[in-house]
Amino acid sequence: MFDRIADFIRDWYGMKEGIPLHAPSITQMDKDYVADAIDSTFVSSVGRYVDDFEKIVAEQVGVRRAIAVVNGTSALHMALLLAGVRQGDEVIMQPLTFVATANAAAYLGAEPVFVDVDRSTLGMSPEALEEFLSENCERTDTGDCCDLVSGRRVAAVVPMHTFGHPCRMEEIADICQKWGLILVEDAAEALGSYRNGKACGKYGQSGIFSFNGNKVVTCGGGGAIVTDDETLADRAKHLTTTAKSPHPWEYIHDEVGYNYRLPNLNAAMAVSQLSRLNRMVDEKRMLAQAYASFFADFDSLDFVEEPEGCRSNYWLNAIIWHDAAKRDEFLRYTNERSISTRPIWQLMCDLGMYRHCRRGSVETARWLAARVVNLPSSVRFPV
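Every value quoted in this text rests on a predicted model; they were computed, and no experiment measured them. (Residues numbered from 1 in each chain as written. Predicted model: local features only at pLDDT ≥ 70, side-chain atom pairs only at ≥ 80, totals over all residues. Heavy atoms only, no water.)

## Notes on the packing of aromatic side chains
Centre distance and the angle of the planes are the two values used to describe a pair of aromatic rings.
For step 1, the next point in the chain: Counting across every chain of the model gives 17 aromatic pairs.
For step 2, the next point in the chain: For the ring pair tyrosine 291 and phenylalanine 295, a centre distance of 5.9 Å and an interplane angle of 20° mean the geometry is stacked. You can see tyrosine 291 and its partner phenylalanine 295 sitting in helix H10 (residues 277-295), four residues apart, about one turn around the helix.
For step 3, the next point in the chain: Here phenylalanine 295 falls in the buried class, since its relative accessible area comes to 3%.
For step 4, the next point in the chain: The interplanar angle of 70° and the centroid separation of 5.4 Å between the aromatic rings of phenylalanine 295 and phenylalanine 298 together place this pair among those described as edge-to-face.
For step 5, the next point in the chain: Through pairs of rings, three or more aromatic residues link up here, namely Phe8, Tyr291, Phe294, Phe295, Phe298, Phe303 and Tyr314. (Phe/Tyr/Trp six-rings, centres within 6.5 Å; stacked < 30°, edge-to-face > 60°. Helix = DSSP H or I, 4+ residues; strand = E, 2+ residues; numbered from the N terminus. Buried < 20%, exposed > 50% of the residue type's maximum accessible area, 1.4 Å probe, protein only.)

## Side note on the sheet that holds strand S16 (residues 317-321)
For step 1, the next point in the chain: Taking strand neighbours across the sheet as the criterion, the four strands line up as S14-S16-S18-S17 in an open arrangement whose pairing is antiparallel. Whereas interior strands pair on both sides, the edge strands pair on one side only; in this sheet they are strand S14 (301-303) and strand S17 (342-343).
For step 2, the next point in the chain: The pairing of S14 with S16 spans three bridges and is classified as antiparallel. Within S16, the residue paired with phenylalanine 303 across the bridge is isoleucine 319.
For step 3, the next point in the chain: The strands touched by H10 are S14, S16 and strand S18 (372-375); relative to S14, the strand with the most contacts, the crossing angle is about 155°. (Pairing = 2+ DSSP bridges. Contact = heavy atoms within 4.5 Å. Axes fitted to C-alpha atoms, helices over the stretch in contact; angles between N-to-C directions.)

## Some details on the pattern of salt bridges
For step 1, the next point in the chain: Tallied over the entire structure, the rule returns 23 salt bridges.
For step 2, the next point in the chain: Here arginine 168 makes a salt bridge to glutamate 127, at a shortest N to O gap of 2.7 Å. Separated by 41 residues along the polypeptide, arginine 168 in the loop between strand S6 (153-158) and helix H7 (169-179) and glutamate 127 in helix H6 (residues 126-136) bring together distant segments of the chain.
For step 3, the next point in the chain: Relative accessible area serves as the criterion here: at 15%, arginine 168 is assigned to the buried category.
For step 4, the next point in the chain: The partly exposed category is assigned to glutamate 127, whose relative accessible area is 46%.
For step 5, the next point in the chain: Measuring nitrogen to oxygen at the nearest pair gives 3.4 Å for the salt bridge that ties glutamate 283 to arginine 380. Placement of glutamate 283 in helix H10 and of arginine 380 in the segment after S18 is noted, with a sequence separation of 97 residues between them. (Salt bridge = Lys/Arg side-chain N within 4 Å of Asp/Glu carboxyl O.)

## Quick notes on the nonpolar core
Side chains that are nonpolar tend, in soluble globular proteins, to be buried together.
For step 1, the next point in the chain: Core analysis: the biggest nonpolar cluster contains 88 residues, and Phe53, Val57, Leu80, Val85, Val91, Phe163 and Phe211 have the highest contact counts within it.
For step 2, the next point in the chain: Non-local contacts of phenylalanine 53, meaning those with residues more than four positions away in its chain, are made with Ala68, Phe211, Gly223, Ala224, Leu262, Ala267, Ala270, Val271 and Leu274. (Core = buried A, V, L, I, M, F, W, Y, C linked by side-chain atoms within 4.5 Å.)

## Considering the layout of surface pockets
For step 1, the next point in the chain: Its boundaries defined by the atoms lining it, the largest pocket holds a volume of some 450 Å³.
For step 2, the next point in the chain: Along its surface, the largest pocket is lined by 29 residues, and Phe98, Glu189, Asn214, Lys215 and Trp315 are the ones closest to its centre.
For step 3, the next point in the chain: Looking at the lining of the largest pocket, the elements that each hand over two or more residues are helix H4 (72-82), helix H5 (99-107), strand S10 (206-210) and S17.
For step 4, the next point in the chain: Looking at which element gives the most residues to the lining of the largest pocket, the answer is H4, with three residues.
For step 5, the next point in the chain: Residues that form the lining of the largest pocket fall into these classes: 13 nonpolar, twelve polar and four charged. (1 Å grid on protein atoms, 1.4 Å probe; cavity = no way out; pocket = protein on both sides within 12 Å on 5 of 7 lines; lining within 4 Å. Points joined across faces, edges and corners; volume = space filled by probe spheres on them. Nonpolar A, V, L, I, M, F, W, Y, C, P; charged D, E, K, R; others polar.)

What follows is the structure in structure tokens.
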């Protein structure tokens, strides 16, 4: 069985070995845009490509504003700060996520709280969110949500779209409204993904994206905060630019800010890549269809397909082995043959720095963490 899967992957990519999990798709146009940025001498955080990047991302998501930052983690940090998260608060998120989701809360002195995920989306379960809130929390006279067990204020909810597959955002948004919680959408992996025709990143007070080297659209690093709130966007731009007030020559900083500015060099590559986002997503969806057809007659595993009503970018394709031991055997087999496959992340609630944090049931997340494998998902040829 393993050899059949390995042969399929080799045939798709036309390679016998050295098949990466997700290599960037880089074209001559990308190089030309970066060269143009170099020639302009605007290689740092000021330049037309930064402005173009923000405009294109906002148009792609269908929001009023996008704010360019240096990576997805800094975007999350800033989005939670702007949501009012402060020292001692709790931020509800899923345990099955990349560590940046939890770290962003910790940067602000807040505590992550973990609720379970859906098997169908791999993302936050609305039922698990509502269960935790109903069993542990109440609204105060001021409208805040208080965790009666810990005594902490619950400030925000951060669902994450795992591998680009959208969570059940309408239900999560309704629960947040009911409990007075700010919704911040971790769409780091979901640029170009839609739920019921609405782009990921558009559901909350703000959303964030990553443009890391392994994402569908990359510029080596890079991130973006997206929002329809002009006041919030202006403040995000100010804080991520070291809180520097405009002046022809003086250095005036009016509060503690952050040097989270995206360099023009990186923005140039991102602008080039964004021009062909739809073509790259189409190519990735073609691979996902091929994987789905290939795995259809396998009784020992399931291919992870986009949730109903969604159009996923299929950032990383994944299979779920029914037998956890078989998953581990497959990981060894493929990696020993230079085919890059990876397990899903360790649960955040199992990491040493977050083991003490509050949680609801994480039964589904734990089951998935033992069985999910990511498969090579690169775009085959530059498009």
